[in-house]
Every structure is written in structure tokens, then in C-alpha cells.
Amino acid sequence: MRKAIALAAALLVAATAQAGDAPQAEAAQPVVVPPEITRFEEARIPPDLAVVPGRYVVTLELTIDAAGRVADVSVKASDQSALDPLAVAAARAFEFRPATVDGTPAAVAVTYRYAFDVR
């Protein structure tokens, strides 16, 4: 009887040790929902701007705060530097439904390509 109890206790200790050594289940990945633009501002091109007619792109990095406001704008690339300040000014007026992480609004940085069709 003592051998049976000792064996049962040894098996219980071994099972507990193995369970503690087992790898933990991977943490669930956060659910990230990107921001969605709710107010777009058209860049205003002055008639006297010296730009050859054509299509141009100004690539911006926008920092959008947890309330959906544009907190910062920087130019990352540009086809026509004369359009940079126009793209930046327009982007500052954008409004967004904020990004969320697991349902909680979060600040994010996004790349935005502002396209111009100068005629």
C-alpha cells in the first residue's frame, strides 16, 4: 500500500513539473484598426504657382493622435517641391476616425500620398 501511495505521489509531482515546463500559449496578437479619413481638405493651388502642368505626388508622414487629429506632418518624398507646403497645409486640416488597438483609440503614424493634377 505504501508503494502505491509513494508511486501516486511521484506521478503527481512529475505531472506537475511537466505542466510547469510546458511552453505558455502564445499571447494573442492585438487587433489593430487603422485610422479612417473623415474630412479631406483639397490643397489650394494658387494660379500664379510656377509649376509645369502634370501629375505630381507628395509623400507625407502623418502622425494622427488618439482623437483623430493630425498632430504632425512631414514630407518624405516629393515630385515637385513647390507643392510641398500646399500638401502639408491641406493634410493638417484632415480629420480621422482614430486608429484603435484592441478597441482603444491610439496615436499612429501613417504614410499618405497626396496626388496633384496641375493643369
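Quick caveat: nothing in here was measured; it's all calculated off a predicted structure. Numbers given for residues are sequential positions, taken from 1 along each chain in its written order. For a predicted model such as this one, the threshold for reporting local features is a pLDDT of at least 70, and the threshold for listing and counting side-chain atom pairs is 80 or more; totals across whole chains, interfaces and linings nevertheless cover every residue. Values shown for side chains rest on all heavy atoms present in the structure; no hydrogens or waters enter the calculation.

The secondary structure listing takes helices from DSSP runs of H or I that are at least 4 residues long and strands from runs of E that are at least 2 residues long, numbered from the N terminus. Broken down by element type, the protein carries two helices and eight strands. In the protein, the order of α-helices and β-strands from amino to carboxyl end is α-β-β-β-β-α-β-β-β-β. Exposure classes here rest on a 1.4 Å probe applied to the protein chains alone. A residue is buried below 20% of its type maximum, exposed above 50%, and partly exposed in between. Taking all 119 residues of the protein together, 26% fall into the buried category. We call two residues in contact whenever any of their non-hydrogen atoms come within 4.5 Å of each other. Here the analysis covers contacts within the protein between residues at least 6 apart in sequence; of these, 74% occur between residues at least 24 apart.

On to the pattern of salt bridges, then. A carboxyl oxygen of Asp or Glu within 4 Å of a side-chain nitrogen of Lys or Arg is what we treat as a salt bridge. The final tally for this structure, using the stated rule, is five salt bridges. One salt bridge connects Glu 36 with Arg 97, and the closest N-O pair in it is separated by 3.0 Å. Residue Glu 36 is located in strand β2 (residues 36-39), and its partner Arg 97 is located in strand β5 (residues 95-97); the two are separated by 61 residues in the primary sequence. Looking at Glu 36, the relative accessible area reads 44%, which means it is partly exposed. Here Arg 44 ties to Glu 41 by a salt bridge, and the two come within 3.3 Å at their closest N and O atoms. Overlapping salt bridges bring together Arg 39, Glu 41 and Arg 44 as one network.

A positive phi is found at Asp 102, a non-glycine position, where the angle reads about 55°. Relative to the helices and strands, Asp 102 resides in the loop between β6 (99-101) and β7 (104-106). On the basis of relative accessibility, which here comes to 51%, the residue Asp 102 falls in the exposed class.

What follows concerns the packing of aromatic side chains. The rule is short: rings of Phe, Tyr and Trp, with Trp giving its six-membered ring, pair when the centres are within 6.5 Å, and they are stacked under 30 degrees, edge-to-face over 60, tilted in between. Evaluation of the coordinates by the stated rule reveals seven aromatic pairs. An aromatic cluster is built from Phe 40, Phe 94, Phe 96, Tyr 112, Tyr 114 and Phe 116, whose rings are joined through pairwise contacts.

Bringing the environment of Leu 86 into the picture now. Note that Leu 86 resides in helix α2 (residues 84-92). For Leu 86, a relative accessible area of 19% corresponds to the buried category. Residues Leu 86 and Tyr 114, spaced 28 residues apart in sequence, show a C-alpha to C-alpha distance of 9.8 Å.

To continue, consider the side chain of Glu 41. On the secondary structure map, Glu 41 appears in the loop between β2 and β3 (54-64). You can call Glu 41 buried: its relative accessible area is 16%. We call two N or O atoms a polar contact when they sit within 3.5 Å, provided that within protein one can donate a hydrogen and the other can accept it, with sequence-adjacent residues counted only if both atoms are side-chain atoms. A polar contact is formed between the side chain of Glu 41 and the side chain of Arg 39, at a distance of 3.1 Å. Within the structure, Glu 41 has its side chain in polar contact with the side chain of Arg 44 (distance 3.3 Å). When near neighbours in sequence (up to four residues on either side) are disregarded, Glu 41 contacts Ala 90, Ala 93, Phe 94 and Tyr 114.

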